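Fold and geometry: a report
Below are the chains, spelled out letter by letter.
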Amino acid sequence: MEKLIKKFLYSLFTIVLAVSALFFIIRLAPGDPVEKILGAEASAVEISDLRAQLGLDQSLIAQYSNFMINILKGEFGESLFKKKSVSSLLSAHMPATVILAFTSITLSAFIGTFLGIWAGFKKKKTFDNAGRIISLFALSFPIFSLAPLLVLIFSIKLNILPVSEWGSLKHVILPTLTLVIPLSAVLMRVSRNKYLEEVNVPWVQVLEAKGLSSIQILLRVTKVCLPTILNVVAIQLSVVLAGTMITETIFDIPGMGMLLFEGIQNRDYPVVQGVIIYSTVIYMLVYFIVDYLNEIIDPRIKS
Amino acid sequence: MSKRSKINTEIKIGSLLLGTYFLWALSWFFYSYIYEGSFSSPYFPASDIKKELFSPLQDGYLLGTDLYGRSLFQVLSAGLFYSLGIGLTISFLSAGIGIVIGYLSVVGPRSVKAASELVTNLIFIFPSILIAILVMSLTGQSFSGLVFALVVTGWPGYARISRGETLRVMGLTYVESAKAIGVGPFRLFAKIVLPAILPFLLVHIVLGISGVIISEASLGFLGLGGSEYSWGALLSSAKTVLLEAPYMGVVLSLVMAGLIIGLNLVGDGLRDYLDPKS
């Protein structure tokens, strides 16, 4: 329990530090949201008026303390560009990203683990060799080259799936596929290597000597491999939940990645801060859950 | 010295692929910096709007032309030279910084350990693309800005590996005896620790080059690259003409995939080769 609280406090400290660092960096970076809102023609008076109205004329320290006080109250502020609160923007963009993240992570976790363990089980056989070549190719087409190729095949040549936009189940398939291919290839390699690492230990030989079938042994070794695999899944999940900027841009999906990208482009400080708070909290949360799960799966980790 | 395993097929195929790409990049360097242009004014593919989007082999263009009527082969070559340059520069810079910081976080005073752990965690938390975008907006969208941005996000990975490896090596008897006879920290690093951890790190450097090439192209794709010849930027423009000129996207993807496959094969092969267990 004490360990848990310590870990929680350290996470909280890291989040606060990360968000504070971000607060100052985006404000010190060149580019001015006020000039972007008003355009190049605006007069100096208009600029200073709007700046005062948005509270950007105060000193950085004053802005920072306001920001921190508001965060403690649970207020993320209002977007400088869209006349909407950051929390409403976040909840409007979250569903698309969450749907995309959970479908692609669930699929790739099962596909990657299954193929990887099976490849390890069939080491140096046809299945393993084919799997290695396929995963090598899957990892050599980054998302921004894979996605256009998939669009070319499924939307333009075969004409069975829509190119972009978001709404129905059909729209989810191509972006999910774009993410599942590299994610499951990574997991496949991780679980194969982990399986081969674990399979040569003495207790597996004991099981063999006791006469367990190879499938029974496979299942027991898989259980030992799960924590490592889950750690990688956790990294993938936290990355994808933070918004898959490129996938969302290509398929025109109104998700967190798109929100963050627009926010940075426009210097929409409150929006960028909101997205980053969201993604750091997600990052910590996912790690907490995975650490907990791993301790249940393999009690040896606790000590 | 233990018996070395034989050079495996992965290294052979990978180095063949990489060799081809290096030769290609080198030829482009000679062509654009010495033959057609000079170091002060290198040659760049000429655009001719009348020759927009020729298909491969049309009018003597091997791979056809791009949106601006430039020879796609030349544009690709310029992009390759740029990608390889970026990949090598950034990987070696980040590896250098990461190795030293990783080593210091083991042997240095407590404050250095805590600080390096905190900074590494902070950089891992942020999406690396966000850091890159922020740094790029601070330094301006240029080659040096891009290098800086990718080094900032790149070194923590190496620091983490270097820390783990240093911890492992420091426990070995010959390192302990070196410390016992009074070898100083600098000499210990340069003569004893570095040679021991470098082979393993080399695997990560080779794999890291392909990672950097992909990151750079991702930024280029989002319109934040350091050059108009960035493969990402080229792919992003190819995406807009996917209907009219599908071959452009296909050619770009395949050329890029070939280089990444080459790097990954060499990296994986090296890992197997250096692994004492195999």
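Let me begin by describing the structure that accompanies this report. (Residues numbered from 1 in each chain as written. Chains lettered and ligands numbered in written order. Predicted model: local features only at pLDDT ≥ 70, side-chain atom pairs only at ≥ 80, totals over all residues. Heavy atoms only, no water.)

1. A few points about the overall build of chain A
We count it as follows: Helical segments are the DSSP runs of H or I of at least four residues, strand segments are the runs of E of at least two, and each set is numbered from the N terminus. Three exposure classes are used, based on accessible area relative to the maximum for each residue type with a 1.4 Å probe and protein chains only: buried under 20%, partly exposed in between, and exposed over 50%.
For chain A, the count of helices and strands is 13 helices and zero strands. When the helices and strands of chain A are placed in sequence order, the string is α-α-α-α-α-α-α-α-α-α-α-α-α. Across its three principal axes, chain A shows a C-alpha extent of roughly 85 × 60 × 30 Å. Within chain A, the proportion of its 303 residues that are buried is 46%.

2. A word on the overall build of chain B
Cut-off, in case you're wondering: Whether two residues are in contact is decided by their heavy atoms: any pair within 4.5 Å suffices. Only the protein chains shown count as covering a residue, and every accessible area follows the Shrake-Rupley method with a 1.4 Å probe. Positive charges come from Lys and Arg alone, negative charges from Asp and Glu alone, with His and the N- and C-terminal ends not counted. Taken as the charge centre is NZ of Lys, CZ of Arg, CG of Asp or CD of Glu, depending on the residue.
Helix and strand counts for chain B stand at nine helices and zero strands. The N-to-C order of helical and strand elements in chain B reads α-α-α-α-α-α-α-α-α. In terms of overall dimensions, chain B has a C-alpha envelope of 75 × 45 × 35 Å along the principal axes. A buried classification covers 50% of the 278 residues belonging to chain B. A separation threshold of at least 6 residues defines the contact pool for chain B, and within that pool the share at least 24 residues apart is 68%. Just so you have it, chain B exposes about 13100 Å², and 67% of that area is on carbon and sulfur atoms. Averaging the coordinates of the 18 positive side-chain charges in chain B and doing the same for the 15 negative ones gives two points 16 Å apart.

3. Some thoughts on the interface of chain B and chain A
The condition is simple: Here the quantity called buried area is the accessible surface, traced with a 1.4 Å probe, that two parts lose on coming together, added over both. A carboxyl oxygen of Asp or Glu within 4 Å of a side-chain nitrogen of Lys or Arg is what we treat as a salt bridge.
Opposite the 38 residues of chain B that make contact, chain A presents 40 residues. Both faces considered, chain B and chain A share a buried interface measuring about 3500 Å² in area, 80% of it formed by carbon and sulfur atoms. Linking chain B with chain A are three salt bridges. Here arginine 189 of chain A and aspartate 268 of chain B are joined by a salt bridge, their closest N and O atoms 2.3 Å apart. Sorting the residues of the side of chain B that touches chain A by element identifies helix 3 (110-125), helix 4 (128-139), helix 7 (185-221), helix 8 (231-240) and helix 9 (246-274) of chain B as the ones contributing at least two each. In terms of residue count, the dominant contributor to the side of chain B that touches chain A is helix 9 of chain B (twelve residues).

4. Quick word on the nonpolar core
Applied cut-off: Buried Ala, Val, Leu, Ile, Met, Phe, Trp, Tyr and Cys residues that are joined via side-chain atoms within 4.5 Å together make up what is termed a nonpolar core. Delimitation of the domains relies on an automatic or database domain assignment.
Residues Leu22, Phe144 and Leu260 of chain A together with Leu130, Leu219, Trp231 and Leu259 of chain B are the most contacted members of the largest nonpolar core, which totals 133 residues. In terms of residue count, the dominant contributor to this core is helix 9 of chain B (13 residues). Counting the residues that make up this core, at least three belong to each of domain 1 (2-72) and domain 2 (88-297) of chain A. Setting aside residues no more than four positions away along its own chain, leucine 130 of chain B makes contact with Leu22, Leu260, Ile264 and Ile276 of chain A. In terms of nonpolar packing, the next biggest core, distinct from the first, is built from 16 residues, Met170, Val175, Ile197 and Leu201 of chain B among them.

5. Quick notes on the pattern of salt bridges
Side-chain pairs of opposite charge can arise where the charged atoms are in close proximity. Applying the stated criterion across every chain yields a total of ten salt bridges over all chains. Here lysine 194 of chain A ties to glutamate 197 of chain A by a salt bridge, and the two come within 3.4 Å at their closest N and O atoms. Of this pair, lysine 194 of chain A and glutamate 197 of chain A both sit in helix 8 (residues 169-198), three residues apart, which is roughly one turn of that helix. Residue glutamate 197 of chain A is classed as partly exposed on the basis of its relative accessible area of 45%. Ionic contacts of the salt-bridge type, sharing partners, join the residues Arg132 of chain A together with Glu10 and Asp272 of chain B into one network.

6. Observations concerning helix 4 (residues 60-72) of chain A
Along an α-helix, a turn takes 3.6 residues, which lines up residues three or four apart on a common side. The criterion, for reference: Helices are assigned an expected span. That span is 1.5 Å times one less than the residue count.
In this model helix 4 of chain A runs 18 Å from its N-terminal to its C-terminal C-alpha over 13 residues, within 8% of the 18 Å that 1.5 Å per residue would give. Positive phi appears at glycine 74 of chain A, one or two residues downstream of helix 4 of chain A, with a value of about 85 degrees.

7. Here we look at the side chain of asparagine 264 of chain B
Mapping asparagine 264 of chain B onto the fold places it in helix 9. Dropping the residues within four chain positions of it, asparagine 264 of chain B is found in contact with Leu136 and Ser140 of chain A together with Leu207 and Ser210 of chain B.

8. Observations concerning unusual backbone geometry
Residues and elements named next belong to chain A. Despite not being glycine, lysine 124 has its phi angle at roughly 65 degrees, a positive value. Residue position: lysine 124 is located in the loop between helix 5 (86-121) and helix 6 (126-140). Assessed through its relative accessible area of 58%, lysine 124 is described here as exposed. Residue aspartate 252 is not a glycine yet carries a positive backbone phi of 60 degrees. For aspartate 252, the position within the fold is in the loop between helix 11 (245-251) and helix 12 (256-266). For aspartate 252, a relative accessible area of 41% translates into the label partly exposed.

What is shown is where atoms sit, not what they do.
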